[in-house]
Amino acid sequence: MQRAHRNLPSSTAEHVRSAEAHLADGDPRAALADLDLAFLATPADPYLRLLRGRCLIMQGRTEAALAELNAAVALDSTMADAWLQRALIRLDRSDWSTAESDSSRALELDDTLARAWRNRGIARYRLGSLVEAAKDLYRALDLEPDDPSAHYWRGLALRDAGYNQAAIAGFDDAIRLNDRYTEAYVARGKAHSNLGDMVAARSDWTIAAQLLHHSH
């Protein structure tokens, strides 16, 4: 965070540090209160815009979050996390092409961001680029091997590319990390079905149905 605070007045930097602490504690409302005070002194600071965007995402206010992130990258296009956060909103809105390009920009700036590899892999899967999606998701898992979502999406890419056995291994890992991952059971069932193993397929689909029933 030293870079983020380097050019801020001391009083503003203190509000920013407090906002970061509130964000880490999962309290976006308190973080925004601090950021509003910081914003009065330095309204053109891109890092404040990024932090405000993150807070708004946590509150589900994606339209306002997108406006903040757009302002952040307009002020400073070298903040990888701003592109990463914007890609998350694009994915949520099913804007696959922009999610892919935003993730690619984040990776140009910092190729150690596991979430950016995952997000680009998801976007590429949605765009039908199955092999490229799988490659991105493998890279995401190299960096963050305990991400069940990356295992799940890698499994989807492999399954739809015809690699059902490898896909099942990916779904196995997703379920090992989250045994209530309903979508992973459904997807694994489809991979088993593709291989002609209807006993395993029905077992997975039964578990998925039970999880859905208990979630309501």
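J.: I'd love a proper account of the nonpolar core, names of residues and values included.
T.: Membership of the largest hydrophobic core comes to 60 residues, with the highest contact counts inside it found for Val-16, Leu-50, Tyr-125, Tyr-152, Trp-153, Leu-156 and Phe-171. Non-local contacts of Leu-50, meaning those with residues more than four positions away in its chain, are made with Leu-69, Ala-72, Met-79, Asp-81, Ala-82 and Gln-85.

J.: Any chance you could break down the pattern of salt bridges for me, citing the residues and the numbers?
T.: Enumeration over the complete set of coordinates arrives at 21 salt bridges. Notably, a salt bridge pairs Arg-52 with Asp-36, separated by 3.0 Å at the nearest N-O pair. Of this pair, Arg-52 sits in helix 4 (residues 46–58) while Asp-36 is found in helix 3 (residues 28–41), placing the two residues 16 residues apart along the sequence. Look at Asp-36 and you get partly exposed, because its relative accessible area is 41%. With its nearest N and O atoms 3.8 Å apart, the salt bridge here joins Asp-173 to Arg-154. One end of the pair, Asp-173, is in helix 11 (residues 164–177); the other, Arg-154, is in helix 10 (residues 148–160), and 19 residues separate them in sequence.

J.: Just give me the short version of the packing of helix 6 (residues 80–92) against helix 8 (residues 114–126), but keep the residues and values in it.
T.: For the pair helix 6 and helix 8, interaxial distance at closest approach is 10 Å and the crossing angle is 30°. In this structure, the crossing between helix 6 and helix 8 has a hand that is left-handed. Residue-level contacts link Asp-81, Leu-84, Gln-85, Leu-88 and Leu-91 of helix 6 to Arg-115, Ala-116, Arg-118, Asn-119, Ile-122 and Ala-123 of helix 8. Per-class residue counts for the contact of helix 6 with helix 8 are 6 nonpolar, 2 polar and 3 charged.

J.: Can you lay out helix 7 (residues 96–109) for me, pointing to particular residues and giving the numbers?
T.: Between its first and last C-alpha, helix 7 extends 20 Å over 14 residues, near the 20 Å set by a 1.5 Å rise per residue. All buried positions along helix 7 are accounted for by Ala-99, Asp-102, Ser-103, Ser-104, Ala-106 and Leu-107. Tucked into the core, helix 7 has its buried residues touching helix 6 and helix 8.

J.: Describe the packing of aromatic side chains, listing the residues and the values that go with them.
T.: Under the criterion given, the structure shown has 4 aromatic pairs. Here the aromatic rings of Tyr-125 and Trp-153 are separated by 5.6 Å at their centres, their planes lie at 65°, and the arrangement is edge-to-face. With Tyr-125 in helix 8 and Trp-153 in helix 10, this residue pair connects regions lying 28 residues apart in the sequence. Classification of Tyr-125 by relative accessible area gives buried; the value is 13%. Given the relative accessible area of 13%, Trp-153 is considered buried. With a centroid separation of 6.1 Å and 50° between ring planes, the pair formed by Tyr-152 and Phe-171 is classed as tilted. Residue Tyr-152 is located in helix 10, and its partner Phe-171 is located in helix 11; the two are separated by 19 residues in the primary sequence.

Scoring rules and cut-offs
Residues numbered from 1 in each chain as written. Predicted model: local features only at pLDDT ≥ 70, side-chain atom pairs only at ≥ 80, totals over all residues. Heavy atoms only, no water. Core = buried A, V, L, I, M, F, W, Y, C linked by side-chain atoms within 4.5 Å. Buried < 20%, exposed > 50% of the residue type's maximum accessible area, 1.4 Å probe, protein only. Contact = heavy atoms within 4.5 Å. Salt bridge = Lys/Arg side-chain N within 4 Å of Asp/Glu carboxyl O. Helix = DSSP H or I, 4+ residues; strand = E, 2+ residues; numbered from the N terminus. Axes fitted to C-alpha atoms, helices over the stretch in contact; angles between N-to-C directions. Left-handed = near helix turned anticlockwise from the far one by under 90°. Nonpolar A, V, L, I, M, F, W, Y, C, P; charged D, E, K, R; others polar. Expected span 1.5 Å × (residues − 1). Phe/Tyr/Trp six-rings, centres within 6.5 Å; stacked < 30°, edge-to-face > 60°.

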